[in-house]
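# Residue-level structural notes
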Amino acid sequence: MIQFINIRHQYGANVLYDGFSWHIKPNSKIGLVGPNGAGKTTLFQMAAGLIKPDGGELVRAKDTVISLFHQIPNFDEEKSVIDTALISNTLYKKYLERKEDIDKRFETTDHESEAFEKLLADQAELEDFAHTHDLHNLEIKAKKILSGLGFKDDAYTRPVKSFSPGYHHRIGLAIALLNPYNLLLLDEPTNHLDDTTK
(Lines give C-alpha, C1' and ligand atoms only; values in the text may rest on other atoms or scores of the structure.)
Protein backbone atom coordinates (compact mmCIF):
# COMPACT_ATOMS: atom_id res chain seq x y z
CA MET A 1 0.00 0.00 0.00
CA ILE A 2 2.78 2.42 0.98
CA GLN A 3 6.54 2.18 0.59
CA PHE A 4 9.04 4.42 2.32
CA ILE A 5 12.29 4.21 0.35
CA ASN A 6 15.56 5.52 1.78
CA ILE A 7 13.78 8.31 3.66
CA ARG A 8 15.74 11.12 5.24
CA HIS A 9 14.11 13.78 7.40
CA GLN A 10 15.15 16.14 10.16
CA TYR A 11 13.96 19.08 12.22
CA GLY A 12 16.78 21.50 12.74
CA ALA A 13 19.75 19.49 13.94
CA ASN A 14 17.54 16.58 15.02
CA VAL A 15 17.75 13.80 12.41
CA LEU A 16 14.61 11.64 12.63
CA TYR A 17 15.21 9.37 9.66
CA ASP A 18 18.33 8.62 7.68
CA GLY A 19 18.09 5.86 5.07
CA PHE A 20 14.76 4.61 6.46
CA SER A 21 12.86 2.07 4.31
CA TRP A 22 9.59 0.37 5.14
CA HIS A 23 6.70 -1.29 3.31
CA ILE A 24 3.15 -1.18 4.71
CA LYS A 25 1.34 -4.09 3.08
CA PRO A 26 -2.43 -4.68 2.73
CA ASN A 27 -4.22 -6.26 5.71
CA SER A 28 -1.37 -5.37 8.07
CA LYS A 29 -1.94 -4.34 11.68
CA ILE A 30 1.11 -2.46 12.89
CA GLY A 31 1.92 -0.69 16.14
CA LEU A 32 4.61 2.00 16.26
CA VAL A 33 6.34 2.25 19.62
CA GLY A 34 8.88 4.89 20.56
CA PRO A 35 9.58 7.81 22.89
CA ASN A 36 8.18 11.29 22.33
CA GLY A 37 10.06 13.04 19.56
CA ALA A 38 11.12 9.83 17.85
CA GLY A 39 9.19 10.74 14.69
CA LYS A 40 6.02 8.64 14.89
CA THR A 41 3.70 11.55 14.10
CA THR A 42 6.03 12.74 11.36
CA LEU A 43 5.87 9.30 9.75
CA PHE A 44 2.07 9.35 9.78
CA GLN A 45 2.03 12.83 8.25
CA MET A 46 4.39 11.68 5.50
CA ALA A 47 2.18 8.67 4.79
CA ALA A 48 -0.89 10.90 4.53
CA GLY A 49 0.90 13.36 2.25
CA LEU A 50 0.76 16.24 4.72
CA ILE A 51 4.53 16.71 4.71
CA LYS A 52 7.27 15.66 2.33
CA PRO A 53 10.49 13.98 3.47
CA ASP A 54 13.72 15.88 3.00
CA GLY A 55 15.04 12.99 0.93
CA GLY A 56 14.07 9.60 -0.40
CA GLU A 57 10.85 8.47 -1.99
CA LEU A 58 7.39 7.63 -0.74
CA VAL A 59 5.23 5.48 -3.03
CA ARG A 60 1.51 4.89 -2.50
CA ALA A 61 -0.56 2.34 -4.40
CA LYS A 62 -3.18 4.05 -6.58
CA ASP A 63 -6.07 2.56 -4.64
CA THR A 64 -4.76 3.60 -1.22
CA VAL A 65 -7.30 5.69 0.73
CA ILE A 66 -5.94 7.01 4.02
CA SER A 67 -7.79 8.24 7.08
CA LEU A 68 -5.51 9.85 9.66
CA PHE A 69 -6.38 10.48 13.28
CA HIS A 70 -4.48 13.54 14.43
CA GLN A 71 -3.08 13.50 17.94
CA ILE A 72 -4.16 17.15 18.34
CA PRO A 73 -7.47 17.64 16.46
CA ASN A 74 -8.40 21.06 15.10
CA PHE A 75 -12.10 21.92 14.96
CA ASP A 76 -14.45 24.87 14.63
CA GLU A 77 -15.51 24.77 18.27
CA GLU A 78 -18.70 26.72 17.60
CA LYS A 79 -20.20 23.86 15.57
CA SER A 80 -22.07 20.98 17.14
CA VAL A 81 -20.49 17.60 17.73
CA ILE A 82 -22.58 15.88 15.04
CA ASP A 83 -22.04 18.64 12.45
CA THR A 84 -18.30 18.51 13.10
CA ALA A 85 -18.24 14.78 12.51
CA LEU A 86 -20.29 15.03 9.32
CA ILE A 87 -18.57 17.96 7.61
CA SER A 88 -15.18 16.43 8.37
CA ASN A 89 -16.11 13.42 6.25
CA THR A 90 -14.38 13.86 2.90
CA LEU A 91 -17.18 12.33 0.81
CA TYR A 92 -19.97 14.15 2.66
CA LYS A 93 -18.13 17.46 2.31
CA LYS A 94 -17.79 16.88 -1.43
CA TYR A 95 -21.50 16.03 -1.62
CA LEU A 96 -22.52 19.22 0.23
CA GLU A 97 -20.33 21.42 -1.95
CA ARG A 98 -21.79 19.98 -5.14
CA LYS A 99 -25.34 20.16 -3.75
CA GLU A 100 -24.89 23.83 -2.84
CA ASP A 101 -23.72 24.56 -6.39
CA ILE A 102 -26.68 22.69 -7.89
CA ASP A 103 -29.18 24.45 -5.58
CA LYS A 104 -27.81 27.85 -6.65
CA ARG A 105 -28.08 26.89 -10.31
CA PHE A 106 -31.74 25.89 -9.80
CA GLU A 107 -32.47 29.46 -8.68
CA THR A 108 -31.12 31.02 -11.87
CA THR A 109 -31.69 28.43 -14.62
CA ASP A 110 -34.63 28.67 -17.03
CA HIS A 111 -36.72 25.52 -16.64
CA GLU A 112 -37.32 25.39 -20.38
CA SER A 113 -33.65 25.55 -21.33
CA GLU A 114 -31.13 22.86 -22.23
CA ALA A 115 -29.11 24.02 -19.23
CA PHE A 116 -31.97 22.90 -16.99
CA GLU A 117 -31.85 19.38 -18.47
CA LYS A 118 -28.13 19.31 -17.74
CA LEU A 119 -28.86 20.50 -14.21
CA LEU A 120 -31.34 17.67 -13.63
CA ALA A 121 -28.75 15.19 -14.89
CA ASP A 122 -26.15 16.65 -12.52
CA GLN A 123 -28.60 16.37 -9.63
CA ALA A 124 -29.32 12.72 -10.46
CA GLU A 125 -25.60 12.00 -10.71
CA LEU A 126 -25.04 13.61 -7.31
CA GLU A 127 -27.76 11.50 -5.71
CA ASP A 128 -26.21 8.40 -7.26
CA PHE A 129 -22.94 9.45 -5.63
CA ALA A 130 -24.70 9.82 -2.26
CA HIS A 131 -26.42 6.44 -2.66
CA THR A 132 -23.18 4.68 -3.67
CA HIS A 133 -21.43 5.93 -0.55
CA ASP A 134 -24.51 5.65 1.71
CA LEU A 135 -24.21 9.33 2.66
CA HIS A 136 -27.86 9.69 3.64
CA ASN A 137 -27.19 7.25 6.49
CA LEU A 138 -23.94 8.89 7.52
CA GLU A 139 -25.49 10.69 10.49
CA ILE A 140 -26.76 7.37 11.88
CA LYS A 141 -23.27 5.89 11.53
CA ALA A 142 -21.70 8.97 13.13
CA LYS A 143 -23.99 8.77 16.16
CA LYS A 144 -23.24 5.07 16.58
CA ILE A 145 -19.49 5.73 16.58
CA LEU A 146 -19.81 8.73 18.92
CA SER A 147 -21.97 6.68 21.27
CA GLY A 148 -19.27 4.01 21.37
CA LEU A 149 -16.80 6.71 22.33
CA GLY A 150 -18.86 7.83 25.31
CA PHE A 151 -21.16 10.55 23.92
CA LYS A 152 -24.76 10.55 25.18
CA ASP A 153 -27.73 11.28 22.91
CA ASP A 154 -28.10 14.83 24.26
CA ALA A 155 -24.45 15.60 23.44
CA TYR A 156 -24.68 15.46 19.65
CA THR A 157 -26.17 18.94 19.24
CA ARG A 158 -23.97 20.64 21.84
CA PRO A 159 -21.13 22.84 20.56
CA VAL A 160 -17.67 21.31 20.54
CA LYS A 161 -16.40 24.10 22.80
CA SER A 162 -18.59 22.80 25.64
CA PHE A 163 -16.48 19.63 25.88
CA SER A 164 -13.09 18.99 27.45
CA PRO A 165 -9.92 18.44 25.38
CA GLY A 166 -10.30 14.74 26.10
CA TYR A 167 -13.67 14.70 24.36
CA HIS A 168 -12.23 16.73 21.47
CA HIS A 169 -9.82 13.81 21.12
CA ARG A 170 -12.79 11.43 20.92
CA ILE A 171 -14.47 13.53 18.25
CA GLY A 172 -11.27 13.38 16.22
CA LEU A 173 -11.20 9.62 16.58
CA ALA A 174 -14.84 9.40 15.45
CA ILE A 175 -13.99 11.45 12.36
CA ALA A 176 -11.09 9.15 11.48
CA LEU A 177 -13.34 6.08 11.82
CA LEU A 178 -16.17 7.67 9.85
CA ASN A 179 -14.03 8.74 6.89
CA PRO A 180 -13.51 6.31 4.00
CA TYR A 181 -10.26 4.38 4.18
CA ASN A 182 -8.44 1.19 3.43
CA LEU A 183 -5.49 2.38 5.49
CA LEU A 184 -6.29 3.80 8.92
CA LEU A 185 -3.52 5.68 10.74
CA LEU A 186 -4.13 6.35 14.44
CA ASP A 187 -1.70 8.63 16.25
CA GLU A 188 -1.99 7.81 19.98
CA PRO A 189 -5.73 7.07 19.70
CA THR A 190 -6.26 5.77 23.25
CA ASN A 191 -5.15 8.95 25.03
CA HIS A 192 -8.02 10.30 27.17
CA LEU A 193 -10.09 7.12 26.69
CA ASP A 194 -11.38 5.11 29.62
CA ASP A 195 -11.01 1.33 29.72
CA THR A 196 -14.60 0.71 28.57
CA THR A 197 -14.22 2.91 25.47
CA LYS A 198 -10.86 1.35 24.57
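Here the structure is a predicted model, which means the values were calculated and not measured.

### Re the pattern of salt bridges
Side-chain pairing between opposite charges can occur once the charged atoms of the two side chains come close. One pass over the structure, following the stated rule, counts 10 salt bridges. Residue Glu78 pairs with Lys161 through a salt bridge whose shortest N-O separation is 3.1 Å. Of this pair, Glu78 sits in the loop between strand 4 (66-69) and helix 2 (81-87) while Lys161 sits in the loop between helix 5 (138-148) and helix 6 (165-178); the two residues are 83 residues apart in sequence, bridging distant segments of the chain. Residue Glu78 is classed as exposed on the basis of its relative accessible area of 54%. Among the ionic pairs, Arg105 bridges to Asp101, the shortest N-O distance being 3.4 Å.

### What about the sheet that holds strand 3 (residues 55-60)?
Spatial strand order, 2-1-3: three strands in an open sheet with antiparallel pairing. On the outer flanks of this sheet lie strand 2 (14-24) and strand 3, each paired with one strand and no other. Pairs of neighbouring strands in the sheet enclose a mean axial angle of 20°, with direction left out of account. As paired strands, strand 1 (residues 2-11) and strand 2 are joined by eight bridges and run antiparallel to one another. Within strand 2, the position partnered with His9 by the bridge is Tyr17. Sheet strands touched by helix 1 (residues 40-47): strand 1, strand 2 and strand 3. Its angle to strand 1, the strand with the most contacts, is close to 130°.

### Some points on helix 3 (residues 90-108)
Taking 1.5 Å of rise per residue, the 19 residues of helix 3 would be expected to cover 27 Å, and the 28 Å separating its terminal C-alpha atoms lies within 8% of that figure. Among the residues of helix 3, those classed as buried are Leu91, Tyr92, Tyr95 and Ile102. The buried residues of helix 3 occupy one face: seen down the axis, they fall within an arc of 90°. Within helix 3, the exposed residues directed more than 90 degrees away from the buried face are Lys104, Glu107 and Thr108. Summarising the contacts, the buried residues of helix 3 are in contact with helix 2, helix 4 (114-132) and helix 5. By the N-cap criterion, in which a side-chain oxygen at the helix start approaches the backbone nitrogen of a residue two or three places on, helix 3 is capped by Asn89, the distance to Leu91 being 3.1 Å.

### A closer look at the nonpolar core
Residues Tyr95, Leu135, Leu146, Phe151 and Ile171 are the most contacted members of the largest nonpolar core, which totals 31 residues. The set of elements that each furnish at least two residues to this core consists of helix 2, helix 3, helix 4, helix 5 and helix 6. No other element matches helix 6, which puts six residues into this core. In terms of nonpolar packing, the next biggest core, distinct from the first, is built from 15 residues, Ile2, Phe4, Leu16 and Leu68 among them.

About the criteria used
Residues numbered from 1 in each chain as written. Predicted model: local features only at pLDDT ≥ 70, side-chain atom pairs only at ≥ 80, totals over all residues. Heavy atoms only, no water. Salt bridge = Lys/Arg side-chain N within 4 Å of Asp/Glu carboxyl O. Helix = DSSP H or I, 4+ residues; strand = E, 2+ residues; numbered from the N terminus. Buried < 20%, exposed > 50% of the residue type's maximum accessible area, 1.4 Å probe, protein only. Pairing = 2+ DSSP bridges. Axes fitted to C-alpha atoms, helices over the stretch in contact; angles between N-to-C directions. Contact = heavy atoms within 4.5 Å. Expected span 1.5 Å × (residues − 1). Arc of directions from axis to C-beta. Polar contact = N/O pair within 3.5 Å; in protein donor to acceptor, adjacent residues only side chain to side chain. Core = buried A, V, L, I, M, F, W, Y, C linked by side-chain atoms within 4.5 Å.

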